[in-house]
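Analysis of the macromolecular model
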Amino acid sequence: MTAVGTPQERAELAPVLAPERDRAGRAPAPRRVRSRVATWLLYAVLAVVTVAFIYPFVWLVSASFKPRSEVFDNKLIPDTFTLDNYVQVWREAPMAMWLFNTVLVTVLATVAVTVSSAMVAWGFSYFRFRGRGALFGLVLATMMLPGAVTMIPTYLIWDALGQVGTLTPLWAGNLFGSAFYIFLLRQFFLGLPRELFEAARMDGANQWQVFTRIALPLTRPALVVTALFEFQAAWTDLMRPLIYLRDSNTFTIPRGLKAMLDQFGFGGEWHWEIVVTASVIATVPMIVLFFLGQRHFVEGIATTGSKG
Amino acid sequence: MRRGETRAAWLFISPWVIGFLVFTAYPVFYTAYLSLTDYDVINDPSFVGLENFRTLLEDPKVALALRNTAVFVLLSVPAQLLVSLFLALLLNWAGRASGFFRTAFFLPKMTPPVAVGILLLLLFNGQSGLINRVLSSVGIEGPAWTTDPTWVKPGLVMMSLWTVGGSVVILLAALRSVPQELYDAARVDGAGWWRQTWNVTVPMISGALFFVFIVDTIHAFQSFTEAYTAYFGSGNTTYSNDAALFYAIYLFQQAFQFLHMGYASALAWVLFVVIMLVTLVQFRVSKRFVFYEGEQR
């Protein structure tokens, strides 16, 4: 895994979320006088691609307001506008229960992974101890490990603890930090001036206080990125709910959505309007989340590429 | 003082150390052990030597799953790379107006993969799906994307292009950090648009391109949720589609539907080795093409 480490080490001291250079007012490259035609062409292509990316959402939302017979008519504006599907979804499935489960799992997963990863990242950035480099290399190496390799024993562990069928396995693993976030947060910690912490130590703060009172508040942007990423990951995960949840009352939204597809889609009843409406309900919270944290999402992802 | 520091450091990293030992190190070795056993969770594992690996070589479903996965990787990874590079270039040219479009390209990435799988079934539906409606409006009769075995994987690949937003953002950030002087110099030397893109832009962002390439490949090998959602179910009636049987799906079925934990462990190790080898080759090959700033200058 040495090849993974090298570019990262080189970029080590750069703060993770450095503002985009473009903000300085620099025109983007390549800068040259573009002909009118080229500019129009560019925007025409962008517009077409944008429609292609956005239209599936529009289609989905539009279909959720159509009666059963019109779901596949591909019309933008429903001929018959109805809210029946939303009423129906609530009646056909324990939607409120699923939403509650999902919120619970997502919040616990997010808090757990953010706190633990920040602690571990701090341990790997502020302190100097023997074996630190090798150990951190191990952290990075675990990122390359396919989930399939640990999936079965992990299931057996939760089974032995009697947690299969409960929501615990969906989030409790996050208490131990996650390699990607540890890496992200460590980059950020390394960009903070060390004198700040030394000064606090001189003033009598203990290690825990230096971490919680000084380091953490300064790391807010990176903590927000971590929380947003994990919130999305936990909300949308299907694999773990498929493995661990049995009873329909314990389902999360994605697992419930799959169950609804099996019941109302191909499974037999062909009530696609129900499936469509449930999909909208599952997706909307993520769209809202994106608009709340758009800047952090974009900068966080841009960073993973440049430092990865 | 130093000793105290070491102790504090270990306390801070202790969550990861515990998690690593319990949820990574132990499972990796235990999967290796289980792969040599017959284990159904109820009875104790019984040692069978290399039996699972022998079965695996002769299992037609393994061959099928490997073939499906290989086809998906070979089609989806280059397609995703090209499309995301193209979109990132467009955004880079658009300059200040790019914010709106970037949002539009990124939004699908927020959609739960289950919903993406459902959208695939609806939009690519052979008779009434939107894709075929659009195609027929320009005189092309679209195939039965979701039922015809030859078109199932192309459909999945096309759907995967809908969620390239993350890669676009990464590549756009890389494009924006290419120094303007290089373009100026290239222009002075008489390089046109194509030469500039190919000889300046692409080499300068090769690090980010390579990152996207590696990550997409690893993901494509483990592709599960969209295909599983759309083509495998166990509701009132069980349905499945051999054309969409990816390796990760077969592994999941063996482990958690048939409770063949030993066999599934063997499958997991094979996947691990395949991904490792492919990644290794990618790193080897990339040494020739990837240019990191500040290196060999």
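Since this is a predicted model, take the numbers as computed values, not measurements.

This next bit is on the overall build of chain A. The helix and strand tally for chain A stands at 15 helices and zero strands. Of all 308 residues assigned to chain A, the portion counted as buried reaches 44%. Considering only contacts in chain A between residues 6 or more positions apart, those separated by 24 or more positions represent 75%.

Across its full length, chain B carries 14 helices and four strands. C-alpha extents for chain B along the principal axes are approximately 75 × 75 × 30 Å. A burial count over chain B gives 43% of its 297 residues as buried. Within chain B, counting contacts between residues at least 6 apart in sequence, those at least 24 apart form 69% of the total.

Time to look at the interface of chain A and chain B. In this assembly, 79 residues from chain A lie in contact with 86 residues from chain B. No other element matches helix α2 (residues 36-64) of chain A, which puts 10 residues into the side of chain A that touches chain B. Across the side of chain A that touches chain B, the residue classes break down as 50 nonpolar, 23 polar and six charged.

What follows concerns the domain arrangement of chain A. Domain annotation of chain A identifies domain 1 (2-18 + 93-307) and domain 2 (34-87). Summarising the inter-unit geometry, the C-alpha centres of domain 1 of chain A and domain 2 of chain A are found 32 Å apart.

Before going further, it helps to examine the nonpolar core. Core analysis: the biggest nonpolar cluster contains 159 residues, and Ile182(A), Ile170(B), Leu171(B), Phe246(B), Ile249(B), Leu251(B) and Ala268(B) have the highest contact counts within it. Tallying contributions element by element places helix α4 (residues 95-125) of chain A first for this core, with 11 residues. There are two domains that each give this core at least three residues, and those are domain 1 (2-18 + 93-307) and domain 2 (34-87) of chain A. Discounting residues that sit within four places of it in the chain, Ile249(B) has contacts with Phe224(B), Ala227(B), Tyr228(B) and Phe232(B).

One non-glycine residue, Asn74(A), lies in positive phi territory at about 60°. Secondary-structure assignment places Asn74(A) in the loop between α2 and α3 (84-92). In this structure Asn74(A) comes out as partly exposed when scored by C-beta crowding, with 16 C-beta atoms within 10 Å. At Val41(B), a residue that is not glycine, the phi angle is positive and equals roughly 75°. Relative to the helices and strands, Val41(B) is located in the loop between β1 (37-38) and β2 (46-47).

As for its position among the elements, Val115(A) is in helix α4. Note: C-alpha distance between Val115(A) and Gly177(A) (62 residues apart in sequence) is 7.9 Å.

This part is about the packing of helix α3 (residues 60-94) of chain B against helix α7 (residues 149-161) of chain B. When two helices pack together, their arrangement is given by the angle between the helix axes and by the axis-to-axis distance. Residues and elements named next belong to chain B. Put simply, α3 and α7 touch, their axes get as near as 9 Å, and they point 35° apart. α3 and α7 meet at a crossing whose hand is right-handed. In this structure, α3 contributes Asn68, Val71, Phe72, Leu75, Ser76, Ala79, Gln80 and Val83 to the contact, and α7 contributes Lys153, Leu156, Val157, Ser160 and Leu161.

For α3(B), with 35 residues, the first-to-last C-alpha span of 50 Å sits near the 51 Å given by 1.5 Å per residue. Note on α3(B): the residue one or two positions beyond its end, Gly95(B), has a positive phi of about 65°.

As for its position among the elements, Thr50(A) is in helix α2. Of the residues examined, Thr50(A) has 16 C-beta atoms within 10 Å and is grouped as partly exposed. For the pair Thr50(A) and Arg194(A), spaced 144 residues apart in sequence, the C-alpha separation works out to 45 Å. With sequence-adjacent residues up to four places away left out, Thr50(A) is seen in contact with Phe101(B) and Ala104(B).

Before going further, it helps to examine the packing of helix α8 (residues 179-190) of chain A against helix α11 (residues 220-236) of chain A. All names here are of chain A. As a packed pair, α8 and α11 sit with axes 9 Å apart at the nearest point and diverge in direction by 170°. Relative to α11, α8 is oriented roughly antiparallel. Note on packing geometry: the crossing formed by α8 with α11 is right-handed. Contacts from Tyr181, Leu184, Leu185 and Phe188 in α8 reach Ala222, Val225 and Thr226 in α11.

Take the confidence of the model for chain A next. Looking at chain A as a whole, its pLDDT mean stands at 86, while 86% of the residues score no less than 70. Overall, residues 1-31 of chain A carries pLDDT values under 50, and its contacts beyond four positions in sequence, including any with other chains, amount to 44 contacts.

With that settled, the discussion passes to the confidence of the model for chain B. Here chain B averages 91 in pLDDT, while 96% of its residues score no lower than 70. Across the interface, the model reports ipTM at 0.90; the global pTM reads 0.89.

All names here are of chain A. On the secondary structure map, Phe189 appears in helix α8. With 24 C-beta atoms counted inside 10 Å, the residue Phe189 sits in the buried group. Spatially, the C-alpha atoms of Phe189 and Thr236 are 29 Å apart, while their sequence positions differ by 47 residues. Sequence-distant contacts of Phe189, that is, excluding residues within four places in its chain, are made with Ala121, Trp122, Ser125, Tyr126, Ala215 and Thr219.

Scoring rules and cut-offs
- Residues numbered from 1 in each chain as written.
- Chains lettered and ligands numbered in written order.
- Predicted model: local features only at pLDDT ≥ 70, side-chain atom pairs only at ≥ 80, totals over all residues.
- Helix = DSSP H or I, 4+ residues; strand = E, 2+ residues; numbered from the N terminus.
- Buried ≥ 20, exposed ≤ 12 C-beta atoms within 10 Å, placed from the backbone.
- Contact = placed C-beta atoms within 7 Å.
- Nonpolar A, V, L, I, M, F, W, Y, C, P; charged D, E, K, R; others polar.
- Domains from an automatic or database assignment.
- Core = buried A, V, L, I, M, F, W, Y, C linked by C-beta atoms within 7 Å.
- Axes fitted to C-alpha atoms, helices over the stretch in contact; angles between N-to-C directions.
- Left-handed = near helix turned anticlockwise from the far one by under 90°.
- Expected span 1.5 Å × (residues − 1).
- Parallel < 35°, antiparallel > 145°, perpendicular 65-115°, else oblique.
- pLDDT = per-residue confidence, 0-100.

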